[in-house]
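Below are the chains, spelled out letter by letter.
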Amino acid sequence: MRSKLLLIAAAGAALSLAACSDQHAQEVKEGAKAAASDVKDAAREIANDPDVKEAGTAIKESAKEAGAELKEAAGEAGQELKEAGKDLKQDAKEGAAESKKQLNEATR
């Protein structure tokens, strides 16, 4: 009889613990859902915030302007490089002609 009482008490304790575990799990699950909902709402608010939209537009415009300036600077640098190449070629021709002249004069 005593072992039956002990068995019944143990079964009751196990059921009680299982009920607590299920309740705790449900509370955790509901808390997680609430937190996810709060994060989703906050993200929606940020996405729709006029200041955030304005900042995004300003960044986009700034990047566009920087790209145009970079393109212009690259074009100018290319043109300057082309001119420097022409000057170098001309200097090389003149140097070669002067060297040839001096060589002819030295061999006379």
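Residues numbered from 1 in each chain as written. Predicted model: local features only at pLDDT ≥ 70, side-chain atom pairs only at ≥ 80, totals over all residues. Heavy atoms only, no water.

## Looking at the overall build of the protein chain
Counting its regular elements, the protein chain contains 2 helices and 0 strands. In the structure as shown, the protein chain presents an accessible area of about 9800 Å², 60% of it carried by carbon and sulfur atoms. (Helix = DSSP H or I, 4+ residues; strand = E, 2+ residues; numbered from the N terminus. Areas by Shrake-Rupley, 256 points an atom, 1.4 Å probe, with all protein chains shown as cover.)

## Quick notes on helix H2 (residues 50–106)
The end-to-end C-alpha distance of H2 is 82 Å, a good match for the 84 Å that 57 residues give at a rise of 1.5 Å each. Among the residues of H2, the N-terminal cap falls to Asp49, whose side-chain oxygen and the backbone nitrogen of Asp51 are separated by 2.7 Å. (Expected span 1.5 Å × (residues − 1). Polar contact = N/O pair within 3.5 Å; in protein donor to acceptor, adjacent residues only side chain to side chain.)

## Thoughts on the pattern of salt bridges
Oppositely charged side chains may form a pair once their charged atoms are brought near each other. Using the criterion set out here, one finds 1 salt bridge in the structure. Between Asp41 and Arg44 there is a salt bridge, with the nearest N and O atoms lying 3.2 Å from each other. Of this pair, Asp41 and Arg44 both sit in helix H1 (residues 2–48), 3 residues apart, roughly one helical turn. Taking relative accessible area as the criterion, Arg44 reaches 43% and is therefore assigned partly exposed. (Salt bridge = Lys/Arg side-chain N within 4 Å of Asp/Glu carboxyl O. Buried < 20%, exposed > 50% of the residue type's maximum accessible area, 1.4 Å probe, protein only.)

## So, a negative patch on the surface
Taken together, the side chains of Glu61, Glu65, Glu69, Glu72, Glu76, Glu80, Glu83, Asp87, Asp91 and Glu94 define an acidic patch exposed on the protein surface. Structurally, Glu69 is set in helix H2. Judged by relative accessible area, Glu69 falls into the exposed class, the value being 55%. (Patch = residues over 30% accessible without salt bridge, like charges linked within 9 Å, V, L, I, M, F, W, Y side chains within 5 Å. Lys, Arg positive; Asp, Glu negative; His and termini not counted. Charge placed at Lys NZ, Arg CZ, Asp CG, Glu CD.)

## Some remarks on the environment of Lys53
Along the chain, Lys53 turns up in helix H2. Overall, the relative accessible area of 47% leaves Lys53 in the partly exposed class. Here Lys53 is in contact with Ala47 and Asn48, once residues within four sequence places are set aside. (Contact = heavy atoms within 4.5 Å.)

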